[in-house]
Structures are given as structure tokens and as C-alpha cells.
Amino acid sequence: MRTETLELSKQKKTTLILCVLFPVAINIMLCISLKYRYESYLLPRIDVYGISRWQLIFKEQTILYFSEICHIIAGALVFESFNSEMKNNSWMLIATSEYRRKVVISKFTAVAFDLLVIFISDYVTLTAAGIITGVKDPWDAGLFFKGFFIQLSSACMYAAFYIFLVAFTKKLSWVLPSSIAFMLLDITMYYGKGFNYRFNYFIPSLYVSHNSLSTWTEASVITGFSAVSVLVLLFISGRMLRKNCDIRS
């Protein structure tokens, strides 16, 4: 844990604050939207959608594209993790030290911790948004825990992929454009098919969007695939960086 703590200490002091405040800001906007649309527009259509009231709250969050923005969040966290050393000219010190053997796992663990903070903040404030809106149904623990693990595991998989991208291309500048491209692609693919989507096992970049309507079987597939992908991507990335740490901005 010493190297992981070191990675967290190298982050900007505002990083963790933003990890809390960003989901809060999203769900404040959600509350404002629900205030004007929940009873007059959304509730009368709930039977048409065939979903529960808590699923309706999740559905409304999609108009703010929070799930898809997770691509950029994961990319930005990975970028900042490497960039803090690139701009301080300390990367070559890492490249010539024993720390290079642990750098991939340490950076991923620090980024995963940031993502954990983001989703805890999101799901706590999303619950508050539903209560403030006036959702009468009991809090759906299964729905929230299922969505939480789907999104956390998916976002961690994306972070592992962006670390792999750095290790493979040796160029940090590819991370943010790639995350933006994935976000735009997912928005086009997911919302282009309408609300009653069909789950697709073969498009992992869309997994983060399937948080509220997935079955437990689909959730198990997502979390299992994401976990295996993280292990494989981090293993390959570690091998690549141990052989060649010559990363450029």
C-alpha cells in the first residue's frame, strides 16, 4: 500500500474534491429537472416505460450523460497520474528505478480509488435526489448495488485500457482524445437505439450505460468481464513498461 499511497499523494489536492463535487453537481441539476417534470410528465408515463420509480430516477440522470462522461473521467485521471511526473521531469527517474515494476498497479489503484469516491458520491446524492423529488417506493438496494458495481467495474476497465494505451503507444497525448471519442461513440450507439435498448455483450465500452436496466445475469457478465480485462490489460501494460518506459507527452 505504500506505493499506492505515494501515487495518491502526487495527485493535485483538488482531485478528490472534484471527485465528490462533480456527481453532486450532476445530481443537483437532476433535482432541478425532476422538480418540473416528475409528477406532471414522467410519472404518467412510467407504465409505458415498464420501470420502477427508482429506475425512473436513473433514467432521468441519462439526460445529463453522466455514465458516458465516465470515459472522460477515467481518461483524465489516468492522464493526470502520468502527467504529474512528465511535467516535473521525474518520469525518467521512475524509468530507471525499481519502482517501474510497480508503477502500473500503483497508478491503477490510485485511479480506482478516485473512481470509487466518484460513484459513492453519485449514488448517495442520487438517493437524496429521489427522496427530495418524492419517490414513494422503498429504496431499492438491489438496483443501487447492481448499478454501482456495474459502473465502478466498467470505469476501472476503461482506466486500465487507457493505461494500456499509454504503455502501448508511449504517448500520453492519446489518452484524452481517445476518451472523448469513446464517449461520443457510446452516446451515438446507446441513445440512437432508444430507451428500450437490447443489451450487447460484445460492446464493452457501453457497459457503463447499462447500470439501471440490466438483469443480475448481465451485471455478472459485465463485472466478470471487466475484472478479467483489468487483470489482462494491467499485466500487458506492466510488461511493456518494464521493457520500455520511454513515454512522451
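Refer to the structure presented above.
To keep things clear, this report deals only with the structure shown in the data block. (Residues numbered from 1 in each chain as written. Predicted model: local features only at pLDDT ≥ 70, side-chain atom pairs only at ≥ 80, totals over all residues. Heavy atoms only, no water.)

### Comments concerning the overall build of the protein chain
Move 1: What the protein chain contains, in helices and strands, is ten helices and zero strands.
Move 2: N-terminal to C-terminal, the α/β element order of the protein chain is α-α-α-α-α-α-α-α-α-α.
Move 3: A fraction of 79% describes how many contacts in the protein chain between residues 6 or more apart in sequence connect residues 24 or more apart.
Move 4: Within the structure as shown, the protein chain displays about 12300 Å² of accessible surface, and the carbon and sulfur contribution to it stands at 67%. (Helix = DSSP H or I, 4+ residues; strand = E, 2+ residues; numbered from the N terminus. Contact = heavy atoms within 4.5 Å. Areas by Shrake-Rupley, 256 points an atom, 1.4 Å probe, with all protein chains shown as cover.)

### Description of the environment of lysine 35
Move 1: With respect to the element layout, lysine 35 can be found in helix H2 (residues 13-42).
Move 2: Judged by relative accessible area, lysine 35 falls into the exposed class, the value being 65%.
Move 3: For lysine 35 and isoleucine 132, which are 97 residues apart along the polypeptide, the C-alpha to C-alpha distance reads 8.9 Å. (Buried < 20%, exposed > 50% of the residue type's maximum accessible area, 1.4 Å probe, protein only.)

### Topic: the layout of surface pockets
Here the idea is plain: a probe the size of a water molecule rolls over the atoms and shows the empty space left.
Move 1: Its boundaries defined by the atoms lining it, the largest pocket holds a volume of some 320 Å³.
Move 2: As for the largest pocket, its lining consists of 17 residues, and the residues nearest its centre are Thr15, Leu18, Cys19, Ala76 and Leu77.
Move 3: Where the lining of the largest pocket is concerned, the elements lending two or more residues are H2, helix H5 (66-86) and helix H7 (103-133).
Move 4: Residue classes in the lining of the largest pocket are distributed as nine nonpolar, four polar and four charged. (1 Å grid on protein atoms, 1.4 Å probe; cavity = no way out; pocket = protein on both sides within 12 Å on 5 of 7 lines; lining within 4 Å. Points joined across faces, edges and corners; volume = space filled by probe spheres on them. Nonpolar A, V, L, I, M, F, W, Y, C, P; charged D, E, K, R; others polar.)

### Regarding the nonpolar core
Move 1: In this structure, Ile57, Phe108, Leu115 and Phe119 are the most contacted members of the largest nonpolar core, which totals 62 residues.
Move 2: When contributions to this core are tallied by element, the ones reaching two or more residues are H2, helix H4 (53-61), H5, H7, helix H8 (141-169) and helix H10 (216-243).
Move 3: A per-element tally of this core places H8 first, with 16 residues.
Move 4: Those residues in contact with phenylalanine 119 that lie beyond four places of it in its chain are Phe66, Cys70, Phe148, Gln151, Leu152 and Ala155. (Core = buried A, V, L, I, M, F, W, Y, C linked by side-chain atoms within 4.5 Å.)

### Quick notes on the packing of H8 against helix H9 (residues 175-192)
Move 1: Running from N to C, H8 and H9 cross one another at 140°; their axes reach a closest spacing of 10 Å. Here H9 runs oblique to H8, going by the angle between their axes. Crossing of H8 over H9 shows right-handed handedness. For the pair formed by H8 and H9, the contact residues are Phe161, Tyr162, Leu165 and Val166 on the first element and Val175, Ser178, Ser179 and Phe182 on the second.
Move 2: Classifying every residue of the contact of H8 with H9 by side-chain character gives six nonpolar, two polar and no charged. (Axes fitted to C-alpha atoms, helices over the stretch in contact; angles between N-to-C directions. Parallel < 35°, antiparallel > 145°, perpendicular 65-115°, else oblique. Left-handed = near helix turned anticlockwise from the far one by under 90°.)

### A closer look at a nonpolar patch on the surface
Move 1: On the surface, Val228, Val232, Phe235 and Ile236 cluster together into a nonpolar patch covering about 350 Å² of accessible area.
Move 2: Structurally, the position occupied by valine 232 is in helix H10. (Patch = residues over 30% accessible without salt bridge, like charges linked within 9 Å, V, L, I, M, F, W, Y side chains within 5 Å. Salt bridge = Lys/Arg side-chain N within 4 Å of Asp/Glu carboxyl O.)

### Topic: the environment of lysine 87
Move 1: Looking at where lysine 87 falls in the secondary structure, it is placed in the loop between H5 and helix H6 (91-95).
Move 2: Considering only alpha carbons, one finds lysine 87 and serine 249, 162 residues apart in sequence, at a separation of 8.5 Å.
Move 3: Not counting chain neighbours up to four residues away, the residues in contact with lysine 87 comprise Lys12 and Glu80.

### A word on unusual backbone geometry
Move 1: Positive phi is not limited to glycine here, since tyrosine 65 has a value of about 60°.
Move 2: The topology assignment puts tyrosine 65 in the loop between H4 and H5.
Move 3: Looking at tyrosine 65, the relative accessible area reads 34%, which means it is partly exposed.
Move 4: Phi angles above zero are rare outside glycine, and lysine 170 is one such case at about 60°.
Move 5: Tracing the backbone through its elements, the reader meets lysine 170 in the loop between H8 and H9.
Move 6: Since its relative accessible area comes to 12%, lysine 170 is described here as buried.

### Comments concerning H4
Move 1: In terms of burial, H4 is largely enclosed, as eight of its nine residues are buried.
Move 2: Considered for burial, the residues of H4 that qualify are Trp54, Gln55, Leu56, Ile57, Phe58, Lys59, Glu60 and Gln61.
Move 3: On its buried face, H4 sits against H2, helix H3 (46-49), H5, H7 and H8.

### Some words on the environment of serine 106
Move 1: Residue placement: serine 106 occurs in helix H7.
Move 2: For serine 106, a relative accessible area of 1% gives the class buried.
Move 3: The sequence separation of serine 106 and threonine 5 amounts to 101 residues, and the corresponding C-alpha distance is 8.3 Å.

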